[in-house]
Amino acid sequence: MDDSEPAATITPCPDGPLLVRGSFAILAGPGREDTVTDRGVVALCRCGKSGIPPLCDGSHRLVGFRAPAPPPPE
Amino acid sequence: MTTTHFEPAADGTAATHLPGGTPEPRGPLSAALLAVLTHEETEADRDSAAALWQRLDEAAPVALRETADIVADEDLQLSLFLLHLLHTGPAPFVRGDVEWDPRLIALRRSIEEPFEAALRERTATADPEPTSGEEVSEALFAMTAEVTQPTLATWASRHATADQLREFLIHKSIYTLREADPHSWAIPRLRGRAKAALVEIQADEYGGGAPDRVHAEIFARTMRGYGLSDEPDHYLDEVPALTLAALNAMNLFGLSRRLRGATIGHLAAFEMTSSIPNRLYSRAFSRHGYGADVTEYFDEHVEADAVHEQIAGRDLAGGAADDDPSLIADILFGARACLHLDELTGTHMLESWQNDRTSLRAPTVSEKG
């Protein structure tokens, strides 16, 4: 990978989770070394209602979570 | 649903299960097709082969003309399932270049054309068509919003008996023991953002390089954990036309370059209606005391498909729509067809079980085959 490129990217999905791609690890908690998942692309909950936090389980659709898409770039 | 049983004409052997034998015909067309497929041609019996082909040629137009509903027609849907199976296997009659026999491809097309037309007619809508990738994504998420109240999964999580969950797995096994395969056909037919998105989803479906994480293999463990066979199509004779139609639609879309938009829409709708129902199905199996060997498949899909639905809805469907706006109509068609067939199969199971009937064609016998 080019040095100017980030190792991981985070994409906020409109009305949905944060998609994380790249080279990263999600640790189980502060001071922990075990990881939550070894999936290559993960969706992190941002509606607060997931049954499998910090991962998304689709619950944002149950509760009508809203997070509008950003305006298109100029 | 027909209950007529047709004898395989070729040798009169009793029906057994794939791949150890041939499936049971469900009418004149599938009987004639199976006779052709299982016929071992030798120098001595060229004439009998010609007779079998002639019987097949005659049976197809009759079956197509006389069907009351091609989507629910046992004879036609089994025939189409077998013709698609020639491209993948496994089955004892899937040998050599049989998939490229022009006569069988012509037969396949003669069933696929009215099947596609029926799906288009049933899913037609007057809704205004989206014009951008972002609008396509929004339209897909909107049309799958009802998944927040999944009727069958909710009922199953509360009421399904162990026998009904067994039937559920049997229906599901027809597709899920080859999960993701029909959508992979679309990969070489896409470009750029949409291609990368489809590969990203499929790589996860196929375990990301770990054979035991291939979703079809995880489901095979569920089948074994429930005391069921994990052999593909072991239960083919038991599942009704509607269950086959759901997979046949995927293969119809997947095998056709023209229908690559429909494959995209189908996959998006499939992923968007997965996480919440699978959480409920996991609960249904847990309620009966089944452990992780059985529930892992469903738990995995809660997490995986929450990711896949975003990639499928936005980068795959949205990306393909932006790259080629002429695909938009078929993306929406594929999604609607997925939801329609899911509704038909779900309603069939629910109504059967709520009336204490089996949803299968005949009571299954574990030792059969």
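Residues numbered from 1 in each chain as written. Chains lettered and ligands numbered in written order. Predicted model: local features only at pLDDT ≥ 70, side-chain atom pairs only at ≥ 80, totals over all residues.

Draft legend 1. Region of the structure containing the overall build of chain B. Summing up its helical and strand segments, chain B has 15 helices and 0 strands in all. The C-alpha radius of gyration computed for chain B amounts to 20 Å, which stays within 12% of the reference 21 Å derived for 369 residues, consistent with globular compactness. Taken along the three principal axes of its C-alpha coordinates, chain B extends 60 × 50 × 40 Å. Looking at chain B residue by residue over its 369 residues, the buried ones come to 49%. (Helix = DSSP H or I, 4+ residues; strand = E, 2+ residues; numbered from the N terminus. Rg over C-alpha atoms; globule rule 2.2 N^0.38 Å. Buried ≥ 20, exposed ≤ 12 C-beta atoms within 10 Å, placed from the backbone.)

Draft legend 2. View of the nonpolar core. All names here are of chain B. Core analysis: the biggest nonpolar cluster contains 112 residues, and L140, A268, L316, A317 and I331 have the highest contact counts within it. Considering every element that reaches this core, the biggest residue donor is helix α14 (residues 292–323), with 13 residues. A domain split of this core shows at least three residues from each of domain 1 (28–121) and domain 2 (130–368). When sequence neighbours within four positions are dropped, the list of residues in contact with I331 reads V136, G261, I264, G265, A317, A320 and A321. (Core = buried A, V, L, I, M, F, W, Y, C linked by C-beta atoms within 7 Å. Domains from an automatic or database assignment. Contact = placed C-beta atoms within 7 Å.)

Draft legend 3. Broad picture of the interface of chain B and chain A. In this complex, chain B contributes 15 residues to the contact, which on the side of chain A involves 19 residues. Going through the elements one at a time, α9 (192–205), α13 (275–287) and α14 of chain B are the ones with two or more residues in the side of chain B that touches chain A. For the side of chain B that touches chain A, the leading source of residues is α14 of chain B, giving 6 residues. Class assignment for the residues of the side of chain B that touches chain A results in 5 nonpolar, 4 polar and 6 charged. (Nonpolar A, V, L, I, M, F, W, Y, C, P; charged D, E, K, R; others polar.)

Draft legend 4. View of the sheet that holds strand β1 (residues 8–12) of chain A. Residues and elements named next belong to chain A. As summarised here, the arrangement of the 3 strands in space is β1-β2-β3, forming an open sheet in which the pairing is antiparallel. Sheet topology places β1 and β3 (42–44) at the edges, where each strand pairs with a single neighbour. Between one strand axis and the next, the sheet turns by 25° as a mean value, whatever way the strands run. Two strands pair when backbone bridges link them, and β1 and strand β2 (residues 18–22) are joined in this way by 5 bridges, in the antiparallel orientation. (Pairing = 2+ DSSP bridges. Axes fitted to C-alpha atoms, helices over the stretch in contact; angles between N-to-C directions.)

Draft legend 5. Layout of the confidence of the model for chain B. Residues and elements named next belong to chain B. Looking at chain B, the pLDDT average stands at 92 and 92% of residues meet or exceed 70. Within the model, the stretch residues 1–16 combines pLDDT values under 50 with 30 contacts to residues more than four positions away or in other chains. In the predicted structure, residues 364–369 sits below a pLDDT of 50 and forms 7 contacts with residues beyond four places in sequence or in another chain. (pLDDT = per-residue confidence, 0-100.)

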